[in-house]
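# Architecture at a glance
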2 protein chains.
Amino acid sequence: MSQRQVDAERKPASGSGRPGKNGDGAERHEAIHRSISDAIIEHRLKPGARLREDALSEVFGISRTGIRKILQRLALEQLVTLTPRRGASVTRPTAEEAKDVFDARQMVECGLMPEVARRITAADLERLRDMERRERQALKAGEQSSAIKLSAAFHGELARLSGNDTLAAFVEQLCSRSSLILAVYGNAGHLGCESHDHDGLLRHLEGGDGERARAFMSRHLKAIEASLSIHEPEDESPDLYEIFSG
Amino acid sequence: MSQRQVDAERKPASGSGRPGKNGDGAERHEAIHRSISDAIIEHRLKPGARLREDALSEVFGISRTGIRKILQRLALEQLVTLTPRRGASVTRPTAEEAKDVFDARQMVECGLMPEVARRITAADLERLRDMERRERQALKAGEQSSAIKLSAAFHGELARLSGNDTLAAFVEQLCSRSSLILAVYGNAGHLGCESHDHDGLLRHLEGGDGERARAFMSRHLKAIEASLSIHEPEDESPDLYEIFSG
DNA sequence: ATGACGAACATTGTATACGCTTTTTCCCCA
DNA sequence: TGGGGAAAAAGCGTATACAATGTTCGTCAT
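Predicted model, so just to flag it, every value in this text is computed and none were measured.

## Focus on the environment of Val108(A)
Topologically, Val108(A) is positioned in helix H4 (residues 95–119). It is 7.6 Å that separates the C-alpha atoms of Val108(A) and Leu167(A), two residues lying 59 residues apart in sequence. Not counting the four nearest positions on each side in its chain, Val108(A) is found in contact with Leu167(A), Phe170(A), Val171(A), Met107(B) and Val108(B).

## Remarks on the protein's contact with DNA strand C
Close to DNA strand C lie 13 residues; Ser63(A), Thr65(A), Arg86(A), Arg68(B) and Pro84(B) are nearest. Backbone atoms, meaning sugar and phosphate, make up 70% of the atoms of DNA strand C lying within 4 Å of the protein. Here a base nitrogen of DNA strand C and a side-chain polar atom of Thr65(A) are 2.9 Å apart. The side chain of Arg85(B) places a nitrogen or oxygen atom 3.1 Å from a sugar or linking oxygen of DNA strand C. Counted by class, the surface near DNA strand C contains one nonpolar, four polar and eight charged residues.

## Overview of the nonpolar core
With 77 residues, the main nonpolar core has Leu205(A) and Leu205(B) as its most contacted residues. For this core, the element with the highest residue contribution is helix H4 (residues 95–119) of chain B, accounting for 12 residues.

## Thoughts on the side chain of Gln106(A)
Residues and elements named next belong to chain A. Within the secondary structure layout, Gln-106 lies in helix H4. Look at Gln-106 and you get buried, because its relative accessible area is 18%. If we skip the residues at most four places from it in the chain, Gln-106 touches Gly-111, Ser-218, Leu-221 and Lys-222.

## Here we look at the protein's contact with DNA strand D
DNA strand D sits among 14 residues. The nearest are Arg68(A), Pro84(A), Ser63(B), Thr65(B) and Arg86(B). Arg85(A) has a polar side-chain atom sitting 3.3 Å from a sugar or linking oxygen of DNA strand D. Within the side chain of Thr65(B), a nitrogen or oxygen atom sits 2.9 Å from a base nitrogen of DNA strand D. Its residues assigned to classes, the surface near DNA strand D shows two nonpolar, four polar and eight charged.

## Considerations on the sheet that holds strand S1 (residues 50–51) of chain A
Spatial strand order, S1-S3-S2 (chain A): three strands in an open sheet with antiparallel pairing. Each edge of the open sheet is held by one strand with a lone partner, namely S1 and strand S2 (80–83) of chain A.

## As for the packing of aromatic side chains
One pass over the full model with this rule turns up one aromatic pair over all chains. Look at Phe170(A) and Phe170(B): their rings are 3.7 Å apart centre to centre, the planes differ by 5 degrees, and that puts the pair in the stacked class. Linking Phe170(A) in helix H7 (residues 165–185) with Phe170(B) in helix H7 (residues 165–185), this pair reaches from one chain into another.

## Details of the interface of chain B and chain A
In this complex, chain B contributes 25 residues to the contact, which on the side of chain A involves 26 residues. Between chain B and chain A, roughly 2,100 Å² of surface is buried when both sides are summed, and carbon and sulfur atoms account for 61% of that area. Of all residues in chain B, the largest losses of buried area upon contact with chain A belong to Asp100(B), Met107(B) and Thr166(B), amounting jointly to 26% of the total for that side. Applying the counting rule to chain B against chain A returns zero salt bridges.

Calculation rules
Residues numbered from 1 in each chain as written. Chains lettered and ligands numbered in written order. Predicted model: local features only at pLDDT ≥ 70, side-chain atom pairs only at ≥ 80, totals over all residues. Heavy atoms only, no water. Helix = DSSP H or I, 4+ residues; strand = E, 2+ residues; numbered from the N terminus. Contact = heavy atoms within 4.5 Å. Near = heavy atom within 4 Å. Polar contact = N/O pair within 3.5 Å; in protein donor to acceptor, adjacent residues only side chain to side chain. Nonpolar A, V, L, I, M, F, W, Y, C, P; charged D, E, K, R; others polar. Core = buried A, V, L, I, M, F, W, Y, C linked by side-chain atoms within 4.5 Å. Buried < 20%, exposed > 50% of the residue type's maximum accessible area, 1.4 Å probe, protein only. Pairing = 2+ DSSP bridges. Phe/Tyr/Trp six-rings, centres within 6.5 Å; stacked < 30°, edge-to-face > 60°. Buried area = accessible area lost by both parts, 1.4 Å probe. Salt bridge = Lys/Arg side-chain N within 4 Å of Asp/Glu carboxyl O.

Have a look at this one:
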């Protein structure tokens, strides 16, 4: 009765190409997905937080069926972990996963830079500079949540410019996971992406120098990774079988 | 009553580490997923084929709920396409998607080769040679279905050896999609992967020469892509809005 | 004969209900 | 007072039922 509902960012009515009849209530699911996803990326839901189906279904005003569907998609994207009879929780990346994610970003994002430098247009540069500006403002205003999300969006948008949707989607997924990694292994205080880094990257791209951009991106990612303190926290569930019966 | 069910490859009972109690009936879902996935990869379900929920739920003996879950996962993996009120069908990749997939494979699989060459062990080589042998046998026996699946498994296994699970999972997904692409754009007669190619690749890896292996893989993938006849079939659903109101 | 309208059918979308597993709480006993 | 066990509660897994929508086939009018 009195539970407050959330409206998950109302979208501009019809997003599809067709003008007249708008199809579906499935856009609702999309909105809820983004809503939860954003909350995780912005660290408003911290790693380890439990996501009970009942609670979510009440909050968003749909039944558990729809929530389960969204939760499963988030699990496929590695943002939440689904433990068999225990339900969903925000993923707590291991040190190994963190290394894998940054290695993958190193390979893909750097590899994409030459093609991006070749295809980038003035309008693209304008949009990216705007994003970079907003990111810097958020950082200066102390809004870490926004800054993290904007940084991930920046890297994602950059990857989109390559024209390869498959790789771009992969990069976006890696960026989301990176945000989780920052939440676990990042030192509070200085965020991963220093904004002047993004600015420098844009200058290389503007000059059309793909190789320089690639090298810059490589240093950028290495710097982020180096700023983490990746030490496996004391093992919360030690494998007693291995310890004693081994 | 009289519908034949399928048992989707019974697994060896308890896969988990713990000896006694086995967890879940969720392994059933995994098995069904693999069953459908294999059917698509082996071209026993051709692109465009419709996958009705009722039919699948009868065949596998579970309710539509479980089938929907599996279908959605397959959609995330790009093996099936979910059209809003029309249901699921095997994805028919576009020419652009095909290009994206092969570009992605070029970047990731080639990039992985040096690390694989560094880490590969004698036991790994043994296993891969065995896979290559079986693939060649299947090809000789004219069993295209098996050959395609074995080829994809070979590339996936290779990626696993890099130790990076994230990238390995991505490669496996790309290989599955490649199988779909072969189904649409491949010329009947000669399959993509000539088996001697895989043999040569293994020789380079055995020698520990990562750079040679990378170059070989690059040529290998280019050869597969070149063997395709990528011509967009006559547009089945032209965008009338763009044509007329444009 | 052909095309359009309408009704019956087929198929997906969503919610709710029930059963089972896990967890928690409370009481009793040592 | 602390620990163990049983009962209750909470939460997830699955199935089924109902509603909405798309499709197909038949009929009627031109």
